[in-house]
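Structural characterization, general
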Amino acid sequence: MKLWGMPILLSVITIIGLLLAIMGLGIWHLLSWVFLSYPVYVMIRYGINYFR
Amino acid sequence: MINQVGMKAKTIKKWFEVHKWTSLICTVFLLMLCLTGLPLIFYEEIDHLLGKELEMPAAAPGSKPLSKDVVLEAGVSTLPVKAVKYVSWDVKEHPGQMFVVVADSAEAPIEADHYLTMNEYSGKVMDTPPNEMDFMLVMYYLHVEMLAGLPGKLFLGFMGFLFFVAIVSGVVLYGPIMKRFDFGMIRTEKSSRLKWLDLHNLLGIVTLAWASVVGLTGVINTLVDPALERWKASQLAEMVAGYKDQPRVTGTLSSLDAAVKRAKAAAPEMEVSFVAYPGTVYSSKYHYAVYLIGNTPLTSRIIKPALIDAKTGELTDMRDLPWYLKTIFISQPFHFGDYGGMPMKVLWAIFDLATIMVLISGIYLWIARRKSKSAQLKRIIETSESLTLSTVGDDAAEK
């Protein structure tokens, strides 16, 4: 779980984010943006170490 | 025990080879796809910036759009060519506008098409967009078919498939590489190759789901031409079977306005997306093909054609598309990223850039690895538990 926990979490969140926006407008779009922002946050949060 | 471990080292090596070769073959094309795809995410916005967006004069309050026949005739009369091919609408983005494609004949090739944008309230021509390649169209055709028609399209589909295999094999390799490390670690103190490997792994695993979805839906999209051919030969042919021996419809056609109304009456919850005229590739020789779409984000991707007899104006048949065309149309938004407003487009662009980084770091790792051959593989195997360098050596010796 230490190994695959994050990859699974990120994939599930991305897929939910992709599906939310097709379900409807308004709140659905907003939730989709929140969900899809999480993997982007993770990329920045850890990717920043590359420049350290 | 040693034997088991040996199997594992062999398995890792196999997956490594799969990852290396599928990536090597598809990376250049994937880079092209990511780069051309980037501006395509913002197609509408860029068109707007380039001044292509038309100002729609406000219609007088209470005024109604003119009959579609009147608007169409007003447009066609301004051109020397007389055969209408397609008429389309975009109720959400461009209400009150009617987009017309005309040519010398319904069978004329795309290159000979003329475009008209009509104001449905005044019946005036708003614009006559030239039928020529501009920057965005070049990006589009590079992305879709490398300017090489159907073979180019199918080739890119195959590259997309290899990309997906590369993703899967990459995930398999992620296991043994990351086994002893925390998620997201980047070893900056070590060699720059390790640093790049860690970045490759981080961005690769974070974009895993997005790249898989966009990759696979892209592959599905490359099959649209054969799918349409199959549909025309089977379902469409069945729908017009009663007209088989009739000559192509000639003379004055029945009313477009009535055809649209007739189709809408048969599917009241849907909107008309476009009408294909008799003789065009999207219709029969005797019918208006009225293509209806739903009005929610999901159902607007599901197209339903109604065939209207272009002489009598009667509804001949209306059917749902077969599953394979439905699959293609429903998969499209998940490739385009155009269904969640501007924030989604920005997120799409970030994922696209991250994928570019995965591709570039992958190429770098391949070049760097060639310099210190097989060191990387050894390390992957080393990292996987209860393995020593000597067993890898034995393993190699066995071969």
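Located above this text is the structure these notes cover.
Here's a quick rundown of the structure. As the structure is a computational prediction, the values presented were derived from the model and not from experiment.

All names here are of chain B. Taken as a whole, the second largest pocket spans an internal volume of roughly 700 Å³. Every residue lining the second largest pocket is counted, 34 residues in all, and those nearest its centre are His19, Ser23, His200, Val358 and Gly362. Elements that contribute at least two residues to the lining of the second largest pocket include exactly helix H1 (2-41), helix H5 (149-178), helix H6 (192-206), helix H7 (208-221), helix H11 (341-371) and helix H12 (375-383). Partitioned by chemical class, the residues of the lining of the second largest pocket number 21 nonpolar, 11 polar and 2 charged.

Residue and element names in this part refer to chain B. Most of strand S6 (residues 287-293) sits inside the fold, with 7 of its 7 residues counted as buried. As paired strands, strand S5 (residues 271-276) and S6 are joined by 5 bridges and run antiparallel to one another. If you follow phenylalanine 274 over to S6, its bridge partner there is tyrosine 291. The sheet contact formed by S6 and strand S7 (residues 303-309) spans 7 bridges and is antiparallel. Each residue of the ladder has a partner; that of valine 290, found in S7, is alanine 306.

Quick look at helix H2 (residues 27-47) of chain A now. Spanning 21 residues, H2 of chain A covers 30 Å between terminal C-alpha atoms, matching the ideal 30 Å at 1.5 Å per step. Most pronounced at tyrosine 38 of chain A, the bend in H2 of chain A amounts to some 25°, and the proline proline 39 of chain A follows within four residues. Within H2 of chain A the residues assigned to the buried category are His29, Ser32, Leu36, Pro39, Val40, Val42, Met43, Tyr46 and Gly47 of chain A. Taken together, the buried residues of H2 of chain A touch helix H1 (5-23) of chain A together with H6 and H11 of chain B.

Side chains of residues three or four places apart in an α-helix project in the same direction, reflecting 3.6 residues per turn. Residues and elements named next belong to chain B. Among the residues of helix H3 (residues 68-76), those classed as buried are Lys68, Val71, Leu72, Gly75 and Val76. Across the axial projection of H3, the buried residues extend over an arc of 125°, all falling on one side. Where the residues of H3 are buried, they touch strand S1 (83-90), strand S2 (94-103), strand S3 (114-119), strand S4 (125-127) and helix H9 (256-266).

Further remarks concern the pairing of S1 of chain B. The side chains of a regular strand alternate between both faces of the sheet. Residue and element names in this part refer to chain B. Here S1 lies mainly inside the structure; 6 of its 8 residues are buried. By the bridge criterion, 6 bridges tie S1 to S2 in an arrangement that is antiparallel. Across the sheet, the residue bridging to aspartate 90 is histidine 94, located in S2. Turn length for the S1-S2 hairpin, with the two strands adjacent in sequence and antiparallel, is 3 residues. Pairing geometry for S1 and S5, over 3 bridges, is antiparallel. Looking at the pairing, serine 88 lines up with phenylalanine 274 of S5.

All names here are of chain B. Inspection of the secondary structure assignment puts asparagine 201 in helix H6. Relative accessible area serves as the criterion here: at 9%, asparagine 201 is assigned to the buried category. Asparagine 201 has contacts with Tyr174, Ile177 and Met178, leaving out every residue within four places of it along the chain.

All right, on to the interface of chain A and chain B then. On the chain B side, the residues contacting the 29 residues of chain A number 38 residues. With both sides pooled, the region where chain A packs onto chain B buries about 2900 Å², and carbon together with sulfur makes up 80% of that total. Considering only the side of chain A, the residues that lose the most area to chain B are Ile22, Met43 and Tyr50 of chain A, jointly responsible for 26% of the buried surface there. At the surface where chain A touches chain B, the tally comes to 1 salt bridge.

Okay, the state of the cysteines next. Enumeration over the complete set of coordinates arrives at 0 disulfides over all chains. This cysteine, cysteine 26 of chain B, is not joined by any disulfide, and cysteine 34 of chain B carries the nearest cysteine sulfur, 9.9 Å off.

Residue and element names in this part refer to chain B. By the definition in use, this model includes 12 salt bridges over all chains. Ionic pairing is found between glutamate 120 and lysine 68, a salt bridge with its closest N-O pair at 3.5 Å. With glutamate 120 in the loop between S3 and S4 and lysine 68 in helix H3, the pair connects residues that are 52 residues apart, well separated along the chain. Between aspartate 113 and lysine 85 there is a salt bridge whose closest N-O contact spans 2.8 Å. Residue aspartate 113 is found in the loop between S2 and S3, and its partner lysine 85 is found in strand S1; the two are separated by 28 residues along the sequence. Taken as a pair, aspartate 113 and lysine 85 share a single burial class, namely buried.

All right, on to the packing of H7 of chain B against helix H10 (residues 323-336) of chain B then. Residue and element names in this part refer to chain B. Interaxial distance between H7 and H10 falls to 8 Å at its minimum, and their mutual angle equals 140°. In terms of orientation, H7 and H10 fall into the oblique class. The element H7 and its partner H10 pack so that their crossing is left-handed. Packed against H7, whose contacting residues are Val213, Val214, Thr217, Gly218, Ile220 and Asn221, the element H10 presents Thr327, Ile328, Ser331, Gln332, Phe334 and His335 at the interface. For the contact of H7 with H10, the residue count by class is 5 nonpolar, 7 polar and no charged.

Reading guide: rules and limits
Residues numbered from 1 in each chain as written. Chains lettered and ligands numbered in written order. Predicted model: local features only at pLDDT ≥ 70, side-chain atom pairs only at ≥ 80, totals over all residues. Heavy atoms only, no water. 1 Å grid on protein atoms, 1.4 Å probe; cavity = no way out; pocket = protein on both sides within 12 Å on 5 of 7 lines; lining within 4 Å. Points joined across faces, edges and corners; volume = space filled by probe spheres on them. Helix = DSSP H or I, 4+ residues; strand = E, 2+ residues; numbered from the N terminus. Nonpolar A, V, L, I, M, F, W, Y, C, P; charged D, E, K, R; others polar. Buried < 20%, exposed > 50% of the residue type's maximum accessible area, 1.4 Å probe, protein only. Pairing = 2+ DSSP bridges. Expected span 1.5 Å × (residues − 1). Bend = angle between axes of the 7 residues up to and from the residue. Contact = heavy atoms within 4.5 Å. Arc of directions from axis to C-beta. Buried area = accessible area lost by both parts, 1.4 Å probe. Salt bridge = Lys/Arg side-chain N within 4 Å of Asp/Glu carboxyl O. Disulfide = S-S within 2.5 Å. Axes fitted to C-alpha atoms, helices over the stretch in contact; angles between N-to-C directions. Parallel < 35°, antiparallel > 145°, perpendicular 65-115°, else oblique. Left-handed = near helix turned anticlockwise from the far one by under 90°.

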